[in-house]
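# Chains, contacts and geometry: an overview
The primary structure of each chain is shown beneath.
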Amino acid sequence: MSTPARGRQATLDQGGPGPYTSLQHALRLLEAVDRHPGGVTTAGLARETSLPLPDVRRLTEFLETEGYLQYQDEAWVLGGTFALLGQYNREQLVRVRLNHKLAELRDELGAAVYFSRYHEGELSVEAVASADHAPAVQEWVDFRATAHASAIGKCLLSQLDHDTRRDHFSRHPVARLTSRTVVDAEQLMHRLERQPATMPMLDIQEYALGTVCAAVPITAGSTVGCLATSMPVDNVHRLKAAAELLAVRAAPLMLAMAV
């Protein structure tokens, strides 16, 4: 790649026409380069855009300094800045879609709903849809340190390989949170390894007394994720049906999040 601006600081209007004309010419150049994925020469750009060669040199050098163009093998190609354009908006769109779908599911279940991931060695609750009629679980102990006791945590851990689970428990040893918490690490490892991928993971007052939860895995590329719900223990009779609905909604949820 050539040195930006060929040894000088390029500016859009240096020795050229007014700002709007220069901007229009720069846009025409970018469009022309986009039509040539394999690259196009400076002379080729001048011919295709009918711009004077000196103007093309000046504008391409400016666009290079800003990362919109790259000079490779004696030809111009689109630069890396284009890969960043719209990234924030795409992430915001995914977040809006996710929250909307979770809210729909919350109202359908009449219970709080969660989307969680296991990322870079830690459990992360990415989004929660709750309401007065569907309260979320109170995080009385950090969820990241209590994956062994929650439906979300166990569901995520069940999707990991043996060594990764061992690593997690070496950093977050099992601890008793309620009288129902499984604190035998070997027993827990055995259960996680034998957990069928199609079955929901349950938490019957293991993380918090008075609360029951269910979680189902979400498969999307390399994502280790899950969809979960929680409700008061006096609604435990509804938990199986809620888990079945989560499993039905998991795949459409991931499709709705795709951008």
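These notes cover the structure that comes with them. (Residues numbered from 1 in each chain as written. Predicted model: local features only at pLDDT ≥ 70, side-chain atom pairs only at ≥ 80, totals over all residues. Heavy atoms only, no water.)

The next subject is the overall build of the protein. Along the backbone of the protein there are nine helices and seven strands. When contacts within the protein are restricted to residue pairs at least 6 apart in sequence, those whose partners lie at least 24 apart make up 60%. Total accessible area on the protein is roughly 13,800 Å²; 54% of this is exposed by carbon and sulfur atoms. (Helix = DSSP H or I, 4+ residues; strand = E, 2+ residues; numbered from the N terminus. Contact = heavy atoms within 4.5 Å. Areas by Shrake-Rupley, 256 points an atom, 1.4 Å probe, with all protein chains shown as cover.)

Let's shift gears to the pattern of salt bridges. Following the criterion strictly, the structure yields 15 salt bridges and no others. With its nearest N and O atoms 3.0 Å apart, the salt bridge here joins Glu 122 to Arg 171. Separated by 49 residues along the polypeptide, Glu 122 in strand β4 (residues 122-129) and Arg 171 in helix α7 (residues 162-171) bring together distant segments of the chain. Residue class for Glu 122 comes out partly exposed when judged on its relative accessible area of 25%. Two residues, Glu 244 and Lys 240, come together in a salt bridge whose shortest N-O distance is 2.6 Å. With Glu 244 and Lys 240 both in helix α9 (residues 239-257), this residue pair falls four residues apart, about one helical turn. By relative accessible area, which is 60% here, Lys 240 ends up exposed. It is possible to trace a salt-bridge network through shared partners that takes in Arg 95, Arg 117 and Glu 126. (Salt bridge = Lys/Arg side-chain N within 4 Å of Asp/Glu carboxyl O. Buried < 20%, exposed > 50% of the residue type's maximum accessible area, 1.4 Å probe, protein only.)

What follows concerns unusual backbone geometry. With phi around 50°, Glu 120 is a residue other than glycine that occupies positive phi space. As for its placement among the helices and strands, Glu 120 is situated in the loop between β3 (112-119) and β4. Since its relative accessible area comes to 73%, Glu 120 is described here as exposed. Positive phi outside glycine occurs at Gln 205, with the angle close to 60°. Locating Gln 205 in the fold gives a position in the loop between β5 (201-204) and β6 (211-220). Residue Gln 205 is classed as buried on the basis of its relative accessible area, which comes to 13%.

In this section: the nonpolar core. By size, the foremost hydrophobic cluster in this structure holds 28 residues, and its most contacted members are Ile 152, Leu 156, Leu 157 and Tyr 207. Of all the secondary structure elements, the ones that give two or more residues to this core are β3, α6 (151-158), α8 (185-194), β6 and β7 (223-232). Looking at this core, the element that brings in the most residues is α6, giving five residues. With 23 residues, the next largest nonpolar core counts Leu 105, Leu 109, Ala 214 and Ala 242 among its residues. (Core = buried A, V, L, I, M, F, W, Y, C linked by side-chain atoms within 4.5 Å.)

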